[in-house]
Amino acid sequence: MTPPILVLGSPRSGAAAVAGLLVRAGGARTAELLPPSETQPMGAFETYGISQAHRDLLAQMDRDVTCPPSAFEPDRLDLSSLAEQLRLHQDIDQPWLVKDPNLTFLLPAWRALGVERVRLVAVVRQPADVIRSLVQHDGLTQLAAEALVEAHLNRLAALAIDAPMAVVEFGADADTVLGQVRAVAEALELRWNTSGESVYDPGLVKQRSALRDPTPAFTRLVEAASPPGRLSEVDLATLPAAPPHPWPLPTHAGPQHVRRRRKLWRLAEFSPTDHAHVVEVDVSDVDQTAIPGPPGIEVQRIVATDPSHLGRALGTATASPDGLIVTAMTDGLPSSDVELLLRTAHAHTAPYAELVLDLPEPAEALSHVVPAPTGGPTRVDVEEAAERTGWRVRRSARISPGWIGLVLDKTPESSAASRGALDEEVETLRDRVAALEEVVNRPVRRWRWRR
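Residues numbered from 1 in each chain as written. Predicted model: local features only at pLDDT ≥ 70, side-chain atom pairs only at ≥ 80, totals over all residues. Heavy atoms only, no water.

Mind laying out unusual backbone geometry, listing which residues take part and the relevant values?
Working note: non-glycine residues mostly have negative phi, and peptide bonds are mostly trans. For Phe45, which is not glycine, the phi torsion reads 55° and is therefore positive. Within the secondary structure layout, Phe45 lies in the loop between α1 (15-24) and α2 (48-60). (Helix = DSSP H or I, 4+ residues; strand = E, 2+ residues; numbered from the N terminus.)

Can you break down a positive patch on the surface residue by residue, with the values?
Residues Arg55, Arg259, Arg262, Lys263 and Arg266 make up a contiguous surface patch of positive charge. Per element, the largest residue contribution to the positive patch is four residues, and it comes from helix α9 (residues 255-268). Mapped onto the elements, Arg55 comes out in helix α2. Look at Arg55 and you get partly exposed, because its relative accessible area is 36%. (Patch = residues over 30% accessible without salt bridge, like charges linked within 9 Å, V, L, I, M, F, W, Y side chains within 5 Å. Areas by Shrake-Rupley, 256 points an atom, 1.4 Å probe, with all protein chains shown as cover. Salt bridge = Lys/Arg side-chain N within 4 Å of Asp/Glu carboxyl O. Lys, Arg positive; Asp, Glu negative; His and termini not counted. Charge placed at Lys NZ, Arg CZ, Asp CG, Glu CD. Buried < 20%, exposed > 50% of the residue type's maximum accessible area, 1.4 Å probe, protein only.)

Outline the pattern of salt bridges, supporting the account with residue identities and numerical values.
Side-chain pairs of opposite charge can arise where the charged atoms are in close proximity. Enumeration according to the criterion identifies 16 salt bridges in this entry. Across the pair Glu339 and Arg388 runs a salt bridge whose closest N-O atoms are separated by 2.9 Å. With Glu339 in helix α11 (residues 338-347) and Arg388 in helix α12 (residues 379-389), this pair connects stretches of sequence that are 49 residues apart. For Glu339, a relative accessible area of 23% translates into the label partly exposed. Within this structure, Arg261, Glu280, Asp282 and Arg301 form a network of salt bridges that share partners.

Quick rundown of the pairing of strand β11 (residues 403-410)? Include the residues and the values.
With respect to burial, β11 is a largely interior element, eight of its eight residues being buried. Burial of the side chains of β11 extends over both faces: Trp403, Gly405, Val407 and Asp409 are buried on one face and Ile404, Leu406, Leu408 and Lys410 on the other. The pairing of strand β9 (residues 354-360) with β11 spans seven bridges and is antiparallel. Each residue of the ladder has a partner; that of Val356, found in β11, is Val407. Alignment of strand β10 (residues 391-400) against β11, held across eight bridges, turns out to be antiparallel. Directly across from Ser400, in β11, lies its bridge partner Trp403. What sits between β10 and β11 in their antiparallel hairpin is a turn of two residues. (Pairing = 2+ DSSP bridges.)

Break down helix α8 (residues 216-224) for me, with residues and values.
Buried within α8 we find Ala217, Phe218 and Leu221. Down the axis of α8, the smallest arc covering the buried residues is 100°, so these residues share one side. Residues of α8 that are exposed and point over 90 degrees away from its buried face: Pro216 and Glu223. Contact partners of the buried residues in α8: β3 (117-124), α5 (127-138), α6 (142-162) and β4 (166-169). (Arc of directions from axis to C-beta. Contact = heavy atoms within 4.5 Å.)

Have a look at this one:
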């Protein structure tokens, strides 16, 4: 197998433009590419099969492009889809290229499948501009975008220390970018065709924050990089498999979280008869509309970041819900706060309401790949807290390799108590209405004045 050219870089870093130039102007080979999209009209220049295989690997770890893994153990994952794609490339005797943001974190998978030598090209852009673009075009929150960019820069900086990796700076000067890519193509012994430069739109370079200080990781990467003209092969066995310190990346902003939400809704089995009003509570302030329920069910979505905010958030609901879905709130939640979560949910729902929530619990085969948050709640913690707060776990199911969904309902005793309290309140209101009616209907005494 000819050592592949791997283009690395975070989403919105300019890696697609660089890969496009190496393919169209440099003549690098690729397999079938993903089609252009509205946000990338020239195309992302990502190989369909390999990109899908990378997404499958991340999904096994409950991750996606918005929250890459901080650790990676290929021997615990199913690598068959990526292995099949690499087999299709093994007889290529010409320079071939793969570009995918996930590659930065999945190089150990390539090494495990027998790819020994590669050529690495990284693309970086001022962090502030990448963050702004992720927020504006991909819908990430500011904090999620900052964490994602920092994760990519830290990983690339660590790789650059141990590997001769060319770095193209996607900067304000479009001619400089083009010159850097030409130098990379020359080092890769590609035949440059100027007609292929049309794939590169200089207007794509919108470096509005050039005067802002770059992050330490950005500086380390640029300083450790090899000049574009001196690009040599890299032995994957020499690269670090994982960073020394994990990154605090959120897992509730990307497509994997959306898939879990939908499975949680299916697990809930809400019906218009018993759940006319359902509230979905999410910790993410990303613009996600409430998942539409069956006809006859009113669905309201509110945001609460932790149990202490849940009561205030539910206070904005139009009525006490018959069903309550809480997504991603237990990720990293201290076990001591589980009871607060359940107690608050109990106090703000209808007497016979159901509570549906997800809980980090890696499947046995992935227990070391997808570790549960340190100190986070377990199923036992939830069951014990449920018993103390008037709930019971009625059913559960796995909704992803690292998460399970739980359906809780109020125990007969707690429901009876809630119903009794409600009946007392209704009876009190009836007494007050009766008293008012008596006053209104009381005959009016007429007074006659005498002189």
